[in-house]
Amino acid sequence: MKKVLATLATLTLAATSALAAYPDKPITIVVPFAAGGPTDKVARDFAEAMRKPMGGATLVVENVGGAGGTLGAGKVAKAAPDGYTLLLFHIGMATTPTMYRKLNYKVLDDFEYLGLINDVPMTLVGRKTLPANTYPELAKWLQENKGKINLANAGQGSASHLCGLMFQAAVQIDMTTVPYKGTAPAMNDLLGGQVDIMCDQTTNTTGQIAGGAIKAYAVSTTKRVNTPVLAKLPTLDESGMKGFNVSIFHGLYAPKGTPADVLAKLNAALKEALKDPEFIKRQEGLGAVVVTDSRLNPAEHKKFVASEIDKWGAVIKAAGQYAD
Ligand code: ASP
């Protein structure tokens, strides 16, 4: 009996000190899109802001792009639930459950929800060599070039795919969609003039618009985006597409079964990180809004994603857009 008690005490001590030591090695944040793109940019700034509240821990970003973010999300769903592999994903959490017939994970069952990070508007942008300089001019160019227009996106279920779908429906013009592993490589082709237009997150387009490397026509939210670079752009809603509204979110997730203490530590650090003035300034400059509401809490975050699955699921079903 004495021996059993002693063993139990040792085991309890070991478990306690393992938790007290967390994290004692680098934490990997999987971004399910290409490096250098909009989600990657958010993740790298966020990882930096998390360092201090995580006690000086190293957080490294790993890009696992492809299939609209589902490859990276699937990888984290199957990772060891020990707090050392996390997922930073966006609206794809809400679009892919309806869009993909064969997802190898369940969005609501296979993850622990840690908290939302930001809301990000999107921008309708075009290659620099397009003759159109304003949205009305673009609308005219689209009409005149039906059947020849290439629209880039980050794969089925991505934000650019969703926004592009809604845009094609609104203008009633079918375009040839060109999928990439993220909008970083898509942006490269837009810069090179290989594709014509794209609807992409402001965290990726702001710098290119400011530098005059691409043309910008409108923002996807019903309100204009009040940054020095984007404020001049009309909304698609005010450009004749009444009700057009796409705003995407980024959130942080851990594999299901991650210990409660580890989740609590990560959630507390996330809340701290989002108060970091440097992080807030950088996000605001790129048009993103850092979350300050109840979606910072895991239960509310999960409820929000469930409601987004219903909302975007209806749009996807109406468009009959499915992937295997
Ligand atoms: N968030 C994706 C990326 O980082 C782009 C998208 O969803 O459209 O590349």
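Residues numbered from 1 in each chain as written. Predicted model: local features only at pLDDT ≥ 70, side-chain atom pairs only at ≥ 80, totals over all residues. Heavy atoms only, no water.

Participant: Explain the site of the ligand to me, please; I cannot follow it from the model alone.
Facilitator: The immediate surroundings of the ligand are formed by Phe33, Pro38, Thr39, His90, Ala154, Ser158, Ala159, Ser160, Gly182, Thr183 and Gln201. At 2.8 Å from an oxygen atom of the ligand is found a main-chain nitrogen or oxygen belonging to Thr183. Within the side chain of Gln201, a nitrogen or oxygen atom sits 2.9 Å from a nitrogen atom of the ligand. Taking 270 Å² as the accessible area of the ligand by itself, protein coverage stands at 100%. Of all the secondary-structure elements, those providing two or more residues to the shell around the ligand are α2 (38–51) and α6 (159–171). Class assignment of the residues belonging to the shell around the ligand gives a composition of four nonpolar, seven polar and no charged. (Near = heavy atom within 4 Å. Polar contact = N/O pair within 3.5 Å; in protein donor to acceptor, adjacent residues only side chain to side chain. Areas by Shrake-Rupley, 256 points an atom, 1.4 Å probe, with all protein chains shown as cover. Helix = DSSP H or I, 4+ residues; strand = E, 2+ residues; numbered from the N terminus. Nonpolar A, V, L, I, M, F, W, Y, C, P; charged D, E, K, R; others polar.)

Participant: How do you make sense of the pairing of strand β4 (residues 111–127) when you look at a structure like this?
Facilitator: One face of the sheet, then the other: side chains in a regular strand alternate in exactly this way. A large share of β4 lies buried, amounting to 17 of its 17 residues. The pairing of β4 with strand β10 (residues 289–290) spans two bridges and is antiparallel. For Asp119, the partnering residue across the bridge sits in β10 and is Val289. Across five bridges, β4 lies against strand β8 (residues 214–219) in antiparallel orientation. Bridging across to β8, Arg127 finds its partner in Ile214. (Buried < 20%, exposed > 50% of the residue type's maximum accessible area, 1.4 Å probe, protein only. Pairing = 2+ DSSP bridges.)

Participant: Would you take a moment to explain the confidence of the model for the chain for this structure?
Facilitator: Low-confidence regions, as indicated by low pLDDT, have predicted coordinates that should not be scrutinised in detail. Per-residue confidence for the chain gives a mean pLDDT of 94; residues scoring 70 or more make up 94%. Contacts of residues 10–18 to residues separated by more than four positions or lying in other chains number zero contacts, the stretch itself having pLDDT below 50. (pLDDT = per-residue confidence, 0-100. Contact = heavy atoms within 4.5 Å.)

Participant: Whenever I open this one, the pattern of salt bridges confuses me. Can you help?
Facilitator: When the charged atoms of two side chains lie near each other, side chains of opposite charge can form a pair. All chains considered together, the criterion is met by 14 salt bridges. Between Asp40 and Arg44 there is a salt bridge, and its shortest N-O distance comes to 2.9 Å. Within this pair, Asp40 and its partner Arg44 are both found in helix α2, separated by four residues, close to a single helical turn. The salt bridge involving Glu300 is made with Lys303; its shortest N-O contact spans 3.3 Å. Taken together, the residues Glu300 and Lys303, both in helix α11 (residues 298–319) and three residues apart, mark about one turn of the helix. (Salt bridge = Lys/Arg side-chain N within 4 Å of Asp/Glu carboxyl O.)

Participant: Quick question: what am I supposed to make of α6 here?
Facilitator: Working note: α-helix, 3.6 residues per turn, so residues spaced by three or four point in the same direction. An ideal rise of 1.5 Å per residue puts 18 Å on 13 residues; α6 measures up with 18 Å between its terminal C-alpha atoms. Of all the 13 residues making up α6, eleven are buried; the element is thus mostly covered by neighbouring parts of the structure. When α6 is considered as a whole, its buried residues turn out to be Ala159, Ser160, His161, Leu162, Cys163, Gly164, Leu165, Met166, Phe167, Gln168 and Val171. (Expected span 1.5 Å × (residues − 1).)

Participant: Would you mind showing me how to read the pairing of strand β6 (residues 176–179) here?
Facilitator: Here strand β5 (residues 150–153) pairs with β6 via four bridges, running parallel. Note on β6: the bridge partner recorded for Leu151 is Thr177. With α6 bridging β5 and its parallel neighbour β6, the resulting β-α-β unit is right-handed. (Right-handed = clockwise from strand over helix to strand, strands pointing away.)

Participant: What is the right way to read the packing of α6 against α11 from this model?
Facilitator: Packed helices, taken two at a time, are described by the angle between their axes plus the distance between the axes. Look at α6 against α11: their axes get within 11 Å of each other, and the N-to-C directions meet at 55°. Between α6 and α11, the crossing angle belongs to the class labelled oblique. The two elements α6 and α11 meet at a crossing, and its hand is left-handed. Residue-level inspection shows Leu162, Leu165 and Met166 of α6 in contact with α11, the latter providing Trp312, Val315, Ile316 and Ala319. For the contact of α6 with α11, the class distribution of residues is seven nonpolar, no polar and no charged. (Axes fitted to C-alpha atoms, helices over the stretch in contact; angles between N-to-C directions. Parallel < 35°, antiparallel > 145°, perpendicular 65-115°, else oblique. Left-handed = near helix turned anticlockwise from the far one by under 90°.)

Participant: Explain the state of the cysteines to me, please; I cannot follow it from the model alone.
Facilitator: As used here, a disulfide is simply a covalent bond connecting the sulfur atoms of two cysteines. On inspection of all chains with the given rule, the structure shows one disulfide. The disulfide bridge from Cys163 ends at Cys199, spanning 2.0 Å between sulfur atoms. Because the torsion about its S-S bond is 55°, the bridge between Cys163 and Cys199 counts as right-handed. Of the two residues, Cys163 sits in helix α6 while Cys199 sits in strand β7 (residues 197–201), which places them 36 residues apart along the sequence. (Disulfide = S-S within 2.5 Å.)

Participant: Is there a simple way to explain the nonpolar core in this structure?
Facilitator: Note on soluble globular proteins: their nonpolar side chains tend to be buried together. The biggest cluster of nonpolar side chains holds 88 residues, and the ones touching the most others in it are Phe46, Phe111, Leu138, Phe167 and Tyr253. Here the element with the most residues in this core is β4; it accounts for eight residues. Here Leu138 is in contact with Leu124, Leu130, Ala132, Ile197 and Tyr217, once residues within four sequence places are set aside. Of all hydrophobic cores here, the second largest spans 16 residues; its members include Ala152, Ala186, Ile214 and Val225. (Core = buried A, V, L, I, M, F, W, Y, C linked by side-chain atoms within 4.5 Å.)

Participant: What am I meant to see in the packing of helix α7 (residues 183–191) against helix α8 (residues 202–210) here?
Facilitator: Between α7 and α8, whose axes approach to 11 Å, the crossing angle comes to 25°. Judged on the interaxial angle alone, α8 and α7 are roughly parallel. Where α7 crosses over α8, the two elements pack in a sense that is right-handed. Contact residues: α7 offers Thr183, Ala184, Met187 and Leu191, while α8 offers Asn204, Thr205 and Gln208. For the contact of α7 with α8, the per-class residue count stands at three nonpolar, four polar and no charged.

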